[in-house]
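Geometric and topological summary
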Amino acid sequence: MPGKGKQSVAENPFTPAAVLPALTMATEVIGIDHVYFSVKSLPASEKYYDTVLGEILGFRKNAFVLSDNPHVQYFNRHFGIVLRQARAAGEFNSESAGLHHFCLRVEKEEDVDRAAAAMRSAGLSVSIPTYHREYAPDYYAIFFTDPDGLRLEVTNFRQERRDRMQHWEKAP
């Protein structure tokens, strides 16, 4: 029988690891492996992401077929973004349940500026790089939208995130 104020995993599967026996450790997620985007038009989205992810942000690309469905994958050393043809019709709405937006992080504010300039040079619509101090003092970002209406963002690696990564054991 668990002690007062503590429940077993059987009684509460959401019991924090700190109250479980010492042999139980939380599994640390070390990154995002990949994200799938279902798109209305694979050729149109591939053209768009060839520019944004391939030419501007330096992702590599490959293509594969899975269950008779063509896929296009963009990847860098950290994770991948996979496109596939949507199987159901419908408009994307970032205010509906589901994905609101997808944010990519770059090293410095200058990298945000460089990405924005390259997008403009490629004829893509992108916001002006701006500080968004309502989020964090050094939050610097651009926003843009893919052909299906998915909102995308590129932001700098801000100090709060650096501190969290470098000093995880001391983080609140």
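Residues numbered from 1 in each chain as written. Predicted model: local features only at pLDDT ≥ 70, side-chain atom pairs only at ≥ 80, totals over all residues. Heavy atoms only, no water.

What about unusual backbone geometry?
Unusually for a residue other than glycine, S67 sits at a positive phi of about 55°. By relative accessible area, which is 62% here, S67 ends up exposed. A positive phi angle, near 65°, is found at D68, a position not held by glycine. Among the structural elements, D68 can be located in the loop between β2 (60-66) and β3 (69-75). (Buried < 20%, exposed > 50% of the residue type's maximum accessible area, 1.4 Å probe, protein only. Helix = DSSP H or I, 4+ residues; strand = E, 2+ residues; numbered from the N terminus.)

Observations regarding the pattern of salt bridges
A full pass over the atoms with the stated rule returns seven salt bridges. Note that R162 and E107 form a salt bridge whose closest N and O atoms lie 3.0 Å from each other. With a gap of 55 residues between them, R162 in helix α3 (residues 159-166) and E107 in the loop between β5 (101-106) and α2 (109-121) connect regions that are remote in the sequence. Salt-bridge contacts for E160 lead to R164; the nearest nitrogen and oxygen are separated by 2.9 Å. Taken together, the residues E160 and R164, both in helix α3 and four residues apart, mark about one turn of the helix. What makes E160 partly exposed here is its relative accessible area of 39%. Residues participating in the shared-partner salt-bridge network are E46, D50 and K61. (Salt bridge = Lys/Arg side-chain N within 4 Å of Asp/Glu carboxyl O.)

Regarding the nonpolar core
The biggest cluster of nonpolar side chains holds 29 residues, and the ones touching the most others in it are F37, Y49, I142 and F144. Looking at this core, the elements that each hand over two or more residues are β1 (34-39), α1 (42-56), β3, β4 (80-85), β5, α2, β7 (140-145) and β8 (151-156). Per-element tally for this core: the top contributor is α1, with five residues. Excluding residues that lie within four positions of it along the chain, I142 makes contacts with V112, A115, A116, M119, V126, S127, I128, P129, L152, E153 and V154. (Core = buried A, V, L, I, M, F, W, Y, C linked by side-chain atoms within 4.5 Å. Contact = heavy atoms within 4.5 Å.)

Focus: the packing of aromatic side chains
Applying the stated rule across the entire model yields eight aromatic pairs. With centroids separated by 5.9 Å and ring planes inclined at 85°, the aromatic side chains of F59 and F79 adopt a geometry described as edge-to-face. Remark: F79 occurs in the loop between β3 and β4 and F59 occurs in the loop between α1 and β2; sequence separation between them is 20 residues. Accessibility assignment for this pair places F59 and F79 in one class, buried. What links up through ring pairs into an aromatic cluster is the set F37, Y48, Y49, F59, Y74, F79 and F102. Lying across the ring of Y131, R133 places its NZ or CZ 4.2 Å from the centre. (Phe/Tyr/Trp six-rings, centres within 6.5 Å; stacked < 30°, edge-to-face > 60°. Lys NZ or Arg CZ within 6 Å of the ring centre and 35° of its normal.)

Re the pairing of β7
Relative to β7, strand β6 (residues 130-131) runs antiparallel, the two being bridged by two bridges. Bridging across to β7, Y131 finds its partner in Y140. Linkage of β7 to β8, two consecutive antiparallel strands, is achieved through a turn of five residues, within which G149 is found at a positive phi near 95°. (Pairing = 2+ DSSP bridges.)

Structural notes on the sheet that holds β5
Pairing in this open sheet of four strands is mixed, and the strands run β5-β8-β7-β6 from one edge to the other. Looking at the sheet topology across the chains shown, the edges are occupied by β5 and β6. Looking at chain direction, β7 and β8 are connected through five bridges and run antiparallel. In the sheet register, F144 faces β8, and the bridge partner there is L152. Most of the contacts of α1 go to β7, to which it runs at about 170°, and overall it touches β5, β7 and β8. On top of the sheet, α2 reaches β5, β6, β7 and β8; it is set at about 25° to β7, its chief contact. (Axes fitted to C-alpha atoms, helices over the stretch in contact; angles between N-to-C directions.)

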